[in-house]
Amino acid sequence: MYPPKFSYVIPDNVKEALEFLESHDDAKPLAGGHSLIPMLKLRIFRPSYLVEIRKLPELKYIKMEGNVVKIGPVVTHYDIMKANIPLLSETASKIADPQVRNMGTIGGSISHLDPSADYPAALIAMDAKIRIKSTKGERVESFSSFAKDMFTPDLNPGELVAEIEVPLLKDYKFSYQKLERRAGDFAIVGVAVALKVNGDVIQDARIGLTAVNKTAVRASEAEKILLSGKISEKLIEEAATKAMDYANPTSDIRGSAEYKKKMVKVMTKRAILAALNR
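Bear in mind that the values here come from a model prediction, so they are computed numbers and not experimental data. (Residues numbered from 1 in each chain as written. Predicted model: local features only at pLDDT ≥ 70, side-chain atom pairs only at ≥ 80, totals over all residues. Heavy atoms only, no water.)

Asks: In this structure, what is going on with the pattern of salt bridges? I would like to understand it.
Replies: Pairing is possible between side chains that carry opposite charge, provided their charged atoms lie close to one another. Following the criterion strictly, the structure yields 26 salt bridges and no others. The partner of Arg-254 in a salt bridge is Asp-185, and the shortest N-O contact between them spans 3.2 Å. Taken together, the residues Arg-254 in the loop between α10 (233-243) and α11 (257-276) and Asp-185 in the loop between β11 (173-180) and β12 (187-198) connect sequence positions 69 residues apart. A relative accessible area of 21% places Arg-254 in the partly exposed class. Relative accessible area serves as the criterion here: at 9%, Asp-185 is assigned to the buried category. (Salt bridge = Lys/Arg side-chain N within 4 Å of Asp/Glu carboxyl O. Helix = DSSP H or I, 4+ residues; strand = E, 2+ residues; numbered from the N terminus. Buried < 20%, exposed > 50% of the residue type's maximum accessible area, 1.4 Å probe, protein only.)

Right, dumping it as structure tokens:
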């Protein structure tokens with residue numbers, strides 16, 4: 001299907017882009033386009049204007065500052081994959097295919113907030129923060145608060161994701177495991193795990209799940225189980241089983257709800273073991 005007619009705006013800087021977005025409620029920012037363009041073709045979105053932000057240098061950077069990494073919203077999945085950011089780079093490497101990774105952006109992905117997207121599992125597990133900007137100023141909120149519902153980020157008209165701030169999680173072991181119907185597809189189940197291990201004890205555990213609820217979720221009770229004793233097959237099995245409680249999937253062409261829920265246990269166990277073996 002062809003998209004509806006729209007006008008195309010190329011601002012010179014972020015200030016100009018924000019001013020245009022604020023003065024035109026039905027304008028949409030355009031970065032890589034891999035989330036927005038399919039919606040245009042399906043005519044789910046009918047914006048009067050697309051505002052090109054991909055080439056604005058103020059929005060494209062990866063900066064290490066102390067124990068955090070700050071990422072501009074138009075940084076591509078490929079750039080993140082090559083940046084060696086714990087957990088997040090591995091997650092980026094499993095997004096779609098090379099074409100999408102070279103064009104798609106992290107800001108576009110989280111602003112679209114597809115419930116089956118890969119980044120949310122890692123971002124919620126890492127306690128990422130989102131900096132949101134408008135002509136009125138800036139605000140910062142946790143990714144868990146930013147993701148209000150499926151396809152519903154906490155963005156008001158005229159606002160733009162300006163930065164993603166992620167803790168570096170030094171000395172952690174991590175893994176992102178994704179079940180997909182075919183290579184490059186959206187996740188049926190995605191599990192991000194980060195573990196801080198001291199000998200045979202897990203000192204900190206973070207488990208993020210994507211594609212099994214309206215938004216990504218932290219399996220906090222499963223995390224507590226991993227902290228409750230020495231590392232063992234039984235402990236990992238109990239934690240993976242508990243993670244299923246956080247899954248409320250729906251049946252679709254990728255599988256039944258019952259199948260997806262059971263696969264949460266399988267993929268959580270796989271992610272924990274993959275992290276521990278690093």
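Asks: Just checking my understanding: could you explain the environment of Ala-96 for this structure?
Replies: When you line up the elements, Ala-96 lands in the loop between α4 (88-93) and α5 (98-103). In this structure Ala-96 comes out as partly exposed when scored by relative accessible area, which is 21%. Sequence spacing of Ala-96 and His-77 is 19 residues, and the spatial spacing of their C-alpha atoms is 9.8 Å. Once residues lying within four places of it in the same chain are set aside, the contact partners of Ala-96 are Arg-101, Lys-178 and Gly-184. (Contact = heavy atoms within 4.5 Å.)

Asks: Help me understand empty space enclosed by the protein, please; the structure alone is not making it clear to me.
Replies: Which parts of space are left empty comes out when a probe the size of a water molecule is rolled across the atoms. Going through the model one piece at a time under the given rule, you end up with one cavity of 30 Å³ or more. By volume, the largest cavity is sized at about 40 Å³. Lining of the largest cavity is provided by Leu-113, Asp-114, Pro-115, Pro-120, Phe-143, Ala-147, Met-150, Lys-214, Thr-215 and Ala-216. In terms of residue class, the lining of the largest cavity is made up of seven nonpolar, one polar and two charged. (1 Å grid on protein atoms, 1.4 Å probe; cavity = no way out; pocket = protein on both sides within 12 Å on 5 of 7 lines; lining within 4 Å. Points joined across faces, edges and corners; volume = space filled by probe spheres on them. Nonpolar A, V, L, I, M, F, W, Y, C, P; charged D, E, K, R; others polar.)

Asks: Just checking my understanding: could you explain the sheet that holds strand β7 (residues 137-142) for this structure?
Replies: Sheets are built from strands paired through backbone hydrogen bonds, the pairs being either parallel or antiparallel. Here we have five strands laid out as an open sheet, ordered β4-β5-β10-β6-β7, and antiparallel in their pairing. A strand with exactly one partner marks an edge of an open sheet, and here the two such strands are β4 (62-65) and β7. On average, each strand axis in the sheet is inclined to that of its neighbour by 20°, with strand direction left out of account. As paired strands, strand β6 (residues 129-134) and strand β10 (residues 160-167) are joined by five bridges and run antiparallel to one another. Following the sheet pairing, Ile-132 is matched in β10 by Val-161. (Pairing = 2+ DSSP bridges. Axes fitted to C-alpha atoms, helices over the stretch in contact; angles between N-to-C directions.)

Asks: In this structure, what is going on with the sheet that holds strand β2 (residues 27-30)? I would like to understand it.
Replies: As summarised here, the arrangement of the three strands in space is β1-β3-β2, forming an open sheet in which the pairing is parallel. Two strands lie at the open edges of the sheet, namely β1 (7-9) and β2, each paired on one side alone. Between one strand axis and the next, the sheet turns by 25° as a mean value, whatever way the strands run. With four bridges joining them, β2 and strand β3 (residues 49-52) adopt parallel strand pairing. Among the inter-strand pairings, Ala-27 is bridged to a residue of β3, identified as Tyr-49.

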